[in-house]
Amino acid sequence: MKIISSVVNSRIAFFFLMCPMLLILNCTASKTENGNVPETDPERCMRHHFVDTISHPLYKCNSKMVLLARCEGRCGQTSRAEPLISFSPILKQPFKSTCHCCRPHTSKLKAVRLRCTGGTRVTATYRYILACVCEECI
């Protein structure tokens with residue numbers, strides 16, 4: 001009987017110690033340090049993989065299927081546009097806009113060789129996205 005009560009007591013102690021910690025983590029995890037969408041949000045800015053077929057637009061070559069990646073998702077910062085004050089009668093840029101976009105952060109160059117009729121080969125190159133980030137739009 002003593003063993004059961006000590007197990008129950010240790011579980012109750014664990015519960016009271018861990019629950020406040022989990023609440024603190026939950027509160028701080030609602031936004032990342034730079035104000036982006038939380039990492040637990042499935043619609044946050046992130047890399048998505050897809051398969052596409054590469055073929056030459058002019059030559060008759062064998063096409064190849066490749067794994068590609070794109071950046072897609074929401075960024076937590078608010079976009080806005082506000083008027084600029086000018087003392088000139090002509091406003092070239094009447095508004096100041098700020099927005100954040102989901103963009104590639106790091107990528108690497110990849111190449112695919114296609115075999116064409118007559119034995120010639122052509123090389124197609126593309127950037128494979130390794131990581132995405134929310135950055136201010138330019």
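Residues numbered from 1 in each chain as written. Predicted model: local features only at pLDDT ≥ 70, side-chain atom pairs only at ≥ 80, totals over all residues. Heavy atoms only, no water.

As annotated in an unreviewed UniProt entry, the chain carries the name Norrin and comes from Polypterus senegalus. UniProt annotates the chain under Subunit (unreviewed entry) with the comment "Homodimer; disulfide-linked. Component of a complex, at least composed of TSPAN12, FZD4, LRP5/6 and norrin (NDP). Binds FZD4 with high affinity. Interacts with LRP6 (via Beta-propellers 1 and 2)." Quoted verbatim from the Subcellular location (unreviewed entry) heading of the UniProt record, the comment on the chain is "Secreted". (UniProt positions renumbered as here; feature names shortened; annotations may be inferred.)

Quick look at the overall build of the chain now. Scanning the chain for helices and strands turns up one helix and six strands. Taken from the N to the C terminus, the helices and strands of the chain come in the order α-β-β-β-β-β-β. Considering the chain as a whole, with its 138 residues, one finds that 17% of them fall into the buried category. For the chain, long-range pairs separated by at least 24 residues make up 56% of all intrachain contacts whose partners lie at least 6 apart in sequence. Carbon and sulfur atoms make up 60% of the accessible area of the chain, which amounts to about 11200 Å² in all. (Helix = DSSP H or I, 4+ residues; strand = E, 2+ residues; numbered from the N terminus. Buried < 20%, exposed > 50% of the residue type's maximum accessible area, 1.4 Å probe, protein only. Contact = heavy atoms within 4.5 Å. Areas by Shrake-Rupley, 256 points an atom, 1.4 Å probe, with all protein chains shown as cover.)

Time to look at the packing of aromatic side chains. Pairs of aromatic rings are described using the distance from one ring centre to the other and the angle between the two planes. As enumerated under the stated definition, the model contains zero aromatic pairs in all. Over the aromatic face of Tyr 128 sits the side chain of Lys 110, whose NZ or CZ is 4.8 Å from the ring centroid. (Phe/Tyr/Trp six-rings, centres within 6.5 Å; stacked < 30°, edge-to-face > 60°. Lys NZ or Arg CZ within 6 Å of the ring centre and 35° of its normal.)

Take the state of the cysteines next. This model, assessed by the stated rule, comprises five disulfides. Across a sulfur-sulfur distance of 2.1 Å, Cys 45 and Cys 102 are joined as a disulfide pair. Handedness of the Cys 45-Cys 102 disulfide follows from its S-S torsion of about 85°: it is right-handed. Of this pair, Cys 45 sits in the loop between helix H1 (2-28) and strand S1 (46-54) while Cys 102 is found in strand S5 (residues 100-115), placing the two residues 57 residues apart along the sequence. Across a sulfur-sulfur distance of 2.0 Å, Cys 71 and Cys 132 are joined as a disulfide pair. What sets the handedness of the Cys 71 and Cys 132 disulfide is the S-S torsion sign, and at about -90° it is left-handed. You can see Cys 71 sitting in strand S2 (residues 64-72) and its partner Cys 132 sitting in strand S6 (residues 121-136), a full 61 residues away along the chain. Residues Cys 71 and Cys 132 agree in their burial class; the two are buried. (Disulfide = S-S within 2.5 Å.)

Moving on, we come to the environment of Glu 43. With respect to the helices, strands and loops of the structure, Glu 43 is situated in the loop between H1 and S1. Considered as a pair, Glu 43 and Gly 73 are 30 residues apart in the sequence and their alpha carbons are 5.2 Å apart. Those residues in contact with Glu 43, other than ones at most four positions away along the chain, are Gly 73 and Arg 74.

On to the environment of Leu 67, then. With respect to the helices, strands and loops of the structure, Leu 67 is situated in strand S2. Between the C-alpha atom of Leu 67 and that of Tyr 128, which follows or precedes it by 61 residues, the distance is 8.6 Å. What Leu 67 contacts, discounting residues up to four positions off in sequence, is His 49, Phe 50, Val 51, Tyr 126 and Tyr 128.

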